[in-house]
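Given next are the chains, with one letter for each unit.
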Amino acid sequence: YNTMNIQKKRGHNVKQRETTISENEIFRNFWKNNDRFASLFNAAVFGGEDVVKPEVLIDSDNTEIPNGCAEISDEMNTVAKKTGYGVEFVLTGIKDQRDMPLHLLYQDSLGYLKECREIVQSRQEIHYIDNTDEVLDALSKEDRLKPIINLVMYYGKEPWNGTMSLKEMFPNVPEAIRAVLPDYRINLIRVKEAAGCYHFDNKDLQDVFQMAEFVCKDEIDKMYDYMKENKVKSEVAAMLEVLTGKA
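To keep things clear, this report deals only with the structure shown in the data block. Everything quoted here is computed from the prediction, not taken from an experiment. (Residues numbered from 1 in each chain as written. Predicted model: local features only at pLDDT ≥ 70, side-chain atom pairs only at ≥ 80, totals over all residues. Heavy atoms only, no water.)

1. Re the packing of helix α9 (residues 203-216) against helix α10 (residues 220-230)
Two elements in contact, α9 and α10, have axes whose closest approach is 8 Å; the angle formed by their N-to-C orientations is 160°. Taken together, the axes of α9 and α10 lie roughly antiparallel to each other. Every pair of crossing elements has a handedness; the one defined by α9 and α10 is right-handed. Across the interface between the two elements, Lys203, Gln206, Asp207, Gln210, Met211, Phe214 and Val215 from α9 touch Ile220, Lys222, Met223, Tyr226, Met227 and Asn230 from α10. (Axes fitted to C-alpha atoms, helices over the stretch in contact; angles between N-to-C directions. Helix = DSSP H or I, 4+ residues; strand = E, 2+ residues; numbered from the N terminus. Parallel < 35°, antiparallel > 145°, perpendicular 65-115°, else oblique. Left-handed = near helix turned anticlockwise from the far one by under 90°. Contact = heavy atoms within 4.5 Å.)

2. Here we look at helix α11 (residues 234-244)
Of all 11 residues in α11, 9 are buried; the element is thus mostly enclosed. Three or more residues of α11 are buried, namely Val236, Ala237, Ala238, Met239, Leu240, Glu241, Val242, Leu243 and Thr244. Among the residues trailing α11, Gly245 stands out with phi positive, at a value near 75°. (Buried < 20%, exposed > 50% of the residue type's maximum accessible area, 1.4 Å probe, protein only.)

3. Remarks on α9
With 14 residues, α9 extends 20 Å from end C-alpha to end C-alpha; this agrees with the ideal 20 Å at 1.5 Å per step. Of all 14 residues in α9, 10 are buried; the element is thus mostly enclosed. Taken together, the buried positions of α9 are occupied by Asp204, Leu205, Asp207, Val208, Phe209, Met211, Ala212, Glu213, Phe214 and Val215. The N-terminus of α9 is capped by Asn202, whose side-chain oxygen sits 3.0 Å from the backbone nitrogen of Asp204. (Expected span 1.5 Å × (residues − 1). Polar contact = N/O pair within 3.5 Å; in protein donor to acceptor, adjacent residues only side chain to side chain.)

4. Regarding the packing of helix α3 (residues 34-44) against α9
Contact pair α3 / α9: the axes reach a minimum separation of 9 Å and the direction vectors enclose 65°. In terms of their interaxial angle, α3 and α9 are classed as roughly perpendicular. Residue-level inspection shows Arg36, Ser39 and Leu40 of α3 in contact with α9, the latter providing Asp204, Leu205 and Phe209. Tallied by class, residues from the contact of α3 with α9 come to 3 nonpolar, 1 polar and 2 charged. (Nonpolar A, V, L, I, M, F, W, Y, C, P; charged D, E, K, R; others polar.)

5. Re a negative patch on the surface
A contiguous patch of negative charge, built from Asp130, Asp133, Glu134 and Asp137, is present on the exposed surface. A residue is classified by how much of its surface remains accessible, and Asp130, at 55% relative accessible area, is exposed. (Patch = residues over 30% accessible without salt bridge, like charges linked within 9 Å, V, L, I, M, F, W, Y side chains within 5 Å. Areas by Shrake-Rupley, 256 points an atom, 1.4 Å probe, with all protein chains shown as cover. Salt bridge = Lys/Arg side-chain N within 4 Å of Asp/Glu carboxyl O. Lys, Arg positive; Asp, Glu negative; His and termini not counted. Charge placed at Lys NZ, Arg CZ, Asp CG, Glu CD.)

6. With respect to the nonpolar core
Within the largest apolar cluster, 42 residues are counted, with the highest numbers of intra-cluster contacts made by Trp31, Leu40, Leu91, Met153, Ile189 and Phe209. Of all the elements in the fold, those that place two or more residues in this core are α2 (23-31), α3, β3 (88-94), β4 (148-154), α8 (191-197), α9, α10 and α11. Beyond its immediate stretch of four places on either side in the chain, Leu40 contacts Trp31, Val45, Leu91, Leu151, Met153, Ile189, Phe200, Leu205 and Phe209. (Core = buried A, V, L, I, M, F, W, Y, C linked by side-chain atoms within 4.5 Å.)

Structural data, given as structure tokens:
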């Protein structure tokens, strides 16, 4: 199935698109909506608590690919938003399994370095500082950073069996030493299991994850029935294609 077939199934006349929208564009555009973004983080990161408010989210300007991160970003879709409380929330979508704690540690480190560079440049009125040591040396004890909270959305075909924390990547370290090692855990939502694991207060998320569960179980007729009964939006149907690998 695809979005065009879905819309025809619903009785809509569909004209062939003149241009192709990439999966990355569909992914990013879908999560630009603050209500969806807040609902996702509240359900998957904050245990269903109403912590992130849609009205205080604004698009982050940190959508550019940091230096040295191109090889990661080519296979990821990322959407960044920041709240009025000075926190940046980053949604990272992946299809393939990898050592995500290490990847996100690297990605977040580049994000924090970018923040440091912006602080130093704004204070010294310098256009750009390339040298990392110069940036760090120029920070003062009064300077503060915005924390980055990452949520990983896995929508690959195989069940997730990757690591969830940095410590899991050190299996042979004695427990006494392991106990004092700094850790880096990831927040993970598995698309195939999301409908049964979380309650979303946003209808679009309820729709896309419920239909994704039907597709993953190869219950396509149930998916079409659900779509008809719940008047699913076209952008939700497009996102469904991305998350189920049917685009």
